[in-house]
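What the coordinates show
Single-letter residue listing:
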Amino acid sequence: MWKRVLQVAAQKNTSIDCDSLLPNYEAEPQTSTPPYIIAVSFDNFEPGNEIQVTLEALKDVGFKGFNLQAREIGGDVPVGTFKITDPNTKGLECHNVMNSAVSHANSDVKQKVTTTWIAPLDVKDLQFM
């Protein structure tokens, strides 16, 4: 009788630079105002709370790509993690934390993308960027 062993390795982030959020591939970063707004379901949260974060297109323009992290105000590393539920999104590993950033999973034009951010234990005021 043969026994099969399946090993799954975490996928390393090769899509973005985790500090600048700029793409690590042949793409020109956008220098104009983003064609979407970022909306959150709650202004206040407790550790472990799940917060819906929505990127929604302005007007009917749509958007193809995005990179998103939560950071403390004035901070330079991501805080919390994302639960990936939208097929247009994928989680990325930054600073050795799986799903600490979220990005586009394809280049389709999107009108609205929703993800869930999970608040960590010790975080102060933050921003999504």
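Anyway, here's the lowdown on the structure attached to this text.

**A closer look at the sheet that holds strand β6 (residues 89-94)**
- Ordered in space as β3-β7-β6, the 3 strands form an open sheet in which the pairing is antiparallel. Lying at the two open borders of the sheet, with one neighbouring strand each, are β3 (67-68) and β6.
- Here β6 runs beside strand β7 (residues 97-104); their pairing, made up of 5 bridges, is antiparallel. By the bridge assignment, Gly91 is partnered in β7 with Val102.

**Notes on the sheet that holds strand β8 (residues 112-118)**
- The sheet built from 4 strands is open, its strands ordered β1-β2-β8-β5 with antiparallel pairing. A strand with exactly one partner marks an edge of an open sheet, and here the two such strands are β1 (36-40) and β5 (81-83). In this sheet, neighbouring strand axes are inclined to one another by 30 degrees on average, regardless of whether the strands run parallel or antiparallel.
- In this sheet, strand β2 (residues 50-57) lies alongside β1 in antiparallel orientation, the contact comprising 5 bridges. Across the sheet, Ile37 pairs through a bridge with Glu56, a residue of β2.

**Description of the pairing of β2**
- Of the pairings in the sheet, the one linking β2 to β8 comprises 7 bridges and is antiparallel in character. Along β8, the bridge assignment pairs Ile51 with Trp117.

**Let's talk about the pattern of salt bridges**
- Scanning all chains against the criterion turns up 1 salt bridge.
- When the shortest N-O distance is used, the salt bridge between Lys83 and Glu50 registers 2.9 Å. Of this pair, Lys83 sits in strand β5 while Glu50 sits in strand β2; the two residues are 33 residues apart in sequence, bridging distant segments of the chain.
- Taking the relative accessible area as the measure of exposure, Lys83 reaches 34% and is therefore partly exposed.

**Thoughts on the packing of aromatic side chains**
- One pass over the structure, following the stated rule, counts 4 aromatic pairs.
- Centroid distance Tyr36 to Phe63: 4.9 Å. Interplanar angle 55 degrees. Geometry classified as tilted. A residue pair is termed long-range when its members are at least 10 positions apart, and Tyr36 in strand β1 and Phe63 in the loop between β2 and β3 qualify at 27 residues. The same class applies to Tyr36 as to Phe63, namely buried.
- Taken together, the aromatic side chains of Tyr36, Phe63 and Phe66 make up a single cluster linked through ring pairs.

**Some remarks on unusual backbone geometry**
- Despite not being glycine, His95 shows a phi value in the positive range, around 55 degrees.
- By secondary structure assignment, the location of His95 is in the loop between β6 and β7.
- A positive phi is found at Asn96, a non-glycine position, where the angle reads about 65 degrees.
- Within the element layout of this structure, Asn96 appears in the loop between β6 and β7.

About the cut-offs
Residues numbered from 1 in each chain as written. Predicted model: local features only at pLDDT ≥ 70, side-chain atom pairs only at ≥ 80, totals over all residues. Heavy atoms only, no water. Pairing = 2+ DSSP bridges. Helix = DSSP H or I, 4+ residues; strand = E, 2+ residues; numbered from the N terminus. Axes fitted to C-alpha atoms, helices over the stretch in contact; angles between N-to-C directions. Salt bridge = Lys/Arg side-chain N within 4 Å of Asp/Glu carboxyl O. Buried < 20%, exposed > 50% of the residue type's maximum accessible area, 1.4 Å probe, protein only. Phe/Tyr/Trp six-rings, centres within 6.5 Å; stacked < 30°, edge-to-face > 60°.

Remember that the coordinates give geometry; whether it matters functionally is a separate question.
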